[in-house]
Amino acid sequence: MSAALKGGDRASRVNKEWVAVVVLASMLLADGIRAEIHNDVEQWYRTSYAVLWSESPADHIDAILRHYAPQIMTHTATGEVRTDARDGWLRAPMAEWVADGWQSAELIQLDTTIINDSTATFMARWRDVYVDGMTEESCGWYLADRFDEQWMITAYADSVCDDAS
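Computed from a predicted structure; not experimentally measured.

**Student:** Account for the pairing of strand β3 (residues 102–116), with residues named and values stated.
**Tutor:** The pairing of β3 with strand β4 (residues 119–130) spans 12 bridges and is classified as antiparallel. Of the residues in β4, the one forming a bridge with tryptophan 102 is tyrosine 130. Following β3, the chain reverses through 2 residues before pairing antiparallel with β4.

**Student:** Account for the packing of aromatic side chains, with residues named and values stated.
**Tutor:** Counting across every chain of the model gives 18 aromatic pairs. With a centroid separation of 6.3 Å and 55° between ring planes, the pair formed by tryptophan 53 and tryptophan 126 is classed as tilted. With tryptophan 53 in the loop between α1 (2–49) and α2 (61–65) and tryptophan 126 in strand β4, this pair connects stretches of sequence that are 73 residues apart. We classify tryptophan 126 as buried; its relative accessible area is 5%. Note on tryptophan 97 and tryptophan 102: the rings are 5.5 Å apart at their centroids and 75° apart in plane angle, and the pair reads as edge-to-face.

**Student:** Give me the side chain of threonine 74: which residues, what numbers.
**Tutor:** By secondary structure assignment, the location of threonine 74 is in strand β1 (residues 68–75). Using a relative accessible area of 6% as the deciding quantity, one classes threonine 74 as buried. Looking at threonine 74, its side chain comes within polar contact range of the side chain of tryptophan 89, at 2.6 Å. For threonine 74, the residues in contact, after removing those within four places along its chain, are Glu80, Val81, Arg82, Asp84, Trp89 and Tyr156.

**Student:** For the pairing of β4, give the residues involved together with the corresponding values.
**Tutor:** With 9 of its 12 residues buried, β4 lies for the most part within the structure. Where β4 lies against strand β5 (residues 135–147), 11 bridges are found, and the strand directions are antiparallel. Within β5, the residue paired with valine 129 across the bridge is threonine 135. Taking the residues that link successive antiparallel strands as the turn, the β4-β5 hairpin has 4 residues, and the phi of glycine 133 there is positive, at about 90°.

**Student:** Please give an account of unusual backbone geometry that cites residues and values.
**Tutor:** For residues other than glycine, phi is negative in most cases, and the peptide bonds are mostly trans. Even without a glycine there, the phi angle at aspartate 148 is positive, about 50°. Secondary-structure assignment places aspartate 148 in the loop between β5 and β6 (150–159). Look at glutamate 149: it is not a glycine, yet its phi comes out positive at around 70°. Examined against the element boundaries, glutamate 149 turns out to sit in the loop between β5 and β6.

Reading guide: rules and limits
Residues numbered from 1 in each chain as written. Predicted model: local features only at pLDDT ≥ 70, side-chain atom pairs only at ≥ 80, totals over all residues. Heavy atoms only, no water. Pairing = 2+ DSSP bridges. Helix = DSSP H or I, 4+ residues; strand = E, 2+ residues; numbered from the N terminus. Phe/Tyr/Trp six-rings, centres within 6.5 Å; stacked < 30°, edge-to-face > 60°. Buried < 20%, exposed > 50% of the residue type's maximum accessible area, 1.4 Å probe, protein only. Polar contact = N/O pair within 3.5 Å; in protein donor to acceptor, adjacent residues only side chain to side chain. Contact = heavy atoms within 4.5 Å.

Now the structure itself:
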């Protein structure tokens, strides 16, 4: 009987070790997938979205708008939360910015956070350039969701730029 228990104990230990190996491998794989998602969504933001703002963004407004979901939720500095259709959300404000002498915006800092496989946030710092040569920095928070293998910005909030950055 003691031999049977020892054999059972060994089998139990082997099973526990196997489970530990599987759990560790799963964690490593998940970290790899999370890093892949991070690189994918950050690259999308930098090379597909932000680059459109760097030179005559008003000429690229249709391409910029394709990076947004049909409805955008905006969290204003005054605490208001509203939802707007993407076209009206950006087209009229951009025309006003251009009329005020704004030319473009250069992404100068980006902090990306992966929430899960289909959701990421970005804290972006931009350098706005005006026709008179003046520049100013502005910051914004963006929420992006993945729909049918495509990232889209679904929410935005103005943010105060942290001067320590």
